[in-house]
Amino acid sequence: MRRLIDLLEAQHTLPDQDLLSLITMDDAEADAYLAQRAAIVRQRHYGNDVFIRGLIEISNYCKNDCHYCGIRRGNRCCQRYRLTEEQILACCHQGYEAGFRTFVMQGGEDPYFSRERMAALIRSIKQSYPDCAVTLSLGELDRETYQEWFDAGADRYLLRHETANARLYRALHPEPLTLENRMRCLYDLKEIGYQTGCGFMVGSPGQTPEMILEDLRFIQEFRPHMVGIGPFIPHQETIFRDQPAGSAELTLRLLSIVRLMLPDVLLPATTALGTVLGDGRQQGMLHGCNVVMPNLSPPNVRGKYTLYDNKLITGAEAAESLRLLAESMAEIGYRVVTARGDWKGGST
Ligand code: 5AD
């Protein structure tokens, strides 16, 4: 296994069979070695810095009905909310004071946040905080909308592909969603000039190691600036309520593999990882991650944005939770920085 890991680090790729062996290995020593190499590669590109992104969950209304997701349209038990522009700007203000220089606007696919309304919101955030990056995570839209938001000042866009396998994609997402349109969106976003993030869930119902290989191949071909990988976690109000959660160990292994494939990628230790593993954020860093995305949403809505059960929620204010995060990162030798934290790579 060590030989394969060294090869992956040197060549950023491996033949299918070898990658599959890494994905499915049952070898604690090899896992430790993989993590160590991933952390070293991360260190070379980003040092000990941990980039933070302030996550603002602007709406849990969604027109889609993804089978795994707690805020899917069909979930009658979900208490819906939308933040006002004023509330969103207040989150940014708090976040800025605490040291955040990236704001991530995430939400369900909510037509209320129309092209015009979002463009105006992006402009007003960029006007108030010209030294900050704005990231959007608002799902699938047409190219013109993505272009207008980019022109309004948005810098980055997160849109997980969820799975690169068309059959699994179909099993997880009812119509009208298609893998084809998801890919169209991702290529549009990258062409427009966004720093673009894709990603997938680990252990979603029906996922096989071969399908994970397809995800890695897609990531290699697409060359995203960011990759979001987290374990699937069941939600009570979905058809997957009785399915097991994805493995934290496999998630960590895949994070390390992605670090070796794309050495300069921005790689968050996700909230879902922090939910299945008490020290998930620390473990993420030790496996090659360099980004954390703490919640900046108003404390009274945090419990309503539940994509999965037992989501890691703290009622803490931005400054307080950031202090705790900084402490936990310092414990393992990493340093939370006040910076936009842009992608530091060559051209993709
Ligand atoms: N478990 C884990 N992750 C989930 N997401 C949505 N539902 C779940 C779930 N049940 C992830 C999806 C989405 C991101 C915002 O959250 O990958 O892209």
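Residues numbered from 1 in each chain as written. Predicted model: local features only at pLDDT ≥ 70, side-chain atom pairs only at ≥ 80, totals over all residues. Heavy atoms only, no water.

Caption draft 1: Seen up close, the pattern of salt bridges. The full count for this structure, using the stated rule, is 24 salt bridges. Note that Arg82 is salt-bridged to Asp110, the shortest N-O span being 2.7 Å. Of this pair, Arg82 sits in the loop between β2 (54–59) and α4 (85–98) while Asp110 sits in the loop between β3 (102–107) and α5 (115–128), and the two are 28 residues apart along the sequence. Overlapping salt bridges bring together Lys126, Asp155, Arg156, Arg340 and Asp342 as one network. (Salt bridge = Lys/Arg side-chain N within 4 Å of Asp/Glu carboxyl O. Helix = DSSP H or I, 4+ residues; strand = E, 2+ residues; numbered from the N terminus.)

Caption draft 2: Summary view of the packing of helix α8 (residues 179–192) against helix α9 (residues 209–222). One can describe the packing of α8 onto α9 by two numbers: an axis separation of 12 Å at closest approach and a directional angle of 25°. In terms of axis orientation, α8 runs roughly parallel to α9. At the point where α8 passes α9, the crossing takes the right-handed sense. Residues Met183, Leu186, Tyr187 and Lys190 of α8 form the contact with α9, whose own contacting residues are Phe218, Glu221 and Phe222. Residue composition of the contact of α8 with α9, by class: five nonpolar, no polar and two charged. (Axes fitted to C-alpha atoms, helices over the stretch in contact; angles between N-to-C directions. Parallel < 35°, antiparallel > 145°, perpendicular 65-115°, else oblique. Left-handed = near helix turned anticlockwise from the far one by under 90°. Contact = heavy atoms within 4.5 Å. Nonpolar A, V, L, I, M, F, W, Y, C, P; charged D, E, K, R; others polar.)

Caption draft 3: Structural view of the pairing of β3. Here β3 lies mainly inside the structure; six of its six residues are buried. Neither face of β3 is open: one carries Thr102, Val104 and Gln106, the other Phe103, Met105 and Gly107, and all of them are buried. Where β2 lies against β3, five bridges are found, and the strand directions are parallel. Note that in β3 the partner of Leu55 across the bridge is Val104. Traced from β2 through α4 to β3, the parallel crossover comes out right-handed. Taken together, β3, α5 and strand β4 (residues 133–137) constitute a β-α-β crossover, and its handedness is right-handed. (Buried < 20%, exposed > 50% of the residue type's maximum accessible area, 1.4 Å probe, protein only. Pairing = 2+ DSSP bridges. Right-handed = clockwise from strand over helix to strand, strands pointing away.)

Caption draft 4: Quick look at the environment of Ile233. Relative to the assigned elements, Ile233 resides in the loop between β7 (226–231) and α10 (248–261). What makes Ile233 buried here is its relative accessible area of 8%. Here the alpha-carbon distance between Ile233 and Asn310, two residues 77 residues apart in the chain, equals 8.8 Å. Dropping the residues within four chain positions of it, Ile233 is found in contact with Ala245, Ala272, Thr275, Val276, Tyr308 and Asp309.

Caption draft 5: Inspection of the state of the cysteines at higher detail. One pass over the structure, following the stated rule, counts zero disulfides. Here Cys78 stays free of any disulfide, with the sulfur of Cys69 as its closest cysteine sulfur at 8.6 Å. No disulfide involves Cys91; its sulfur sits 6.8 Å from the nearest other cysteine sulfur, which is in Cys92. Here Cys91 falls in the buried class, since its relative accessible area comes to 5%. (Disulfide = S-S within 2.5 Å.)

Caption draft 6: Layout of the packing of helix α3 (residues 28–46) against α10. It is at 9 Å that the axes of α3 and α10 come closest, and there the two elements cross at 45°. Classified by the interaxial angle, the pair formed by α3 and α10 is oblique. Relative to α10, the crossing made by α3 is left-handed. Every residue of α10 that contacts α3 at Asp31, Leu34, Ala35, Arg37, Ala38, Val41, Arg42 and Tyr46 is listed here: Glu249, Arg253, Ser256, Ile257, Arg259 and Leu260. Residues of the contact of α3 with α10, tallied by class, amount to seven nonpolar, one polar and six charged.

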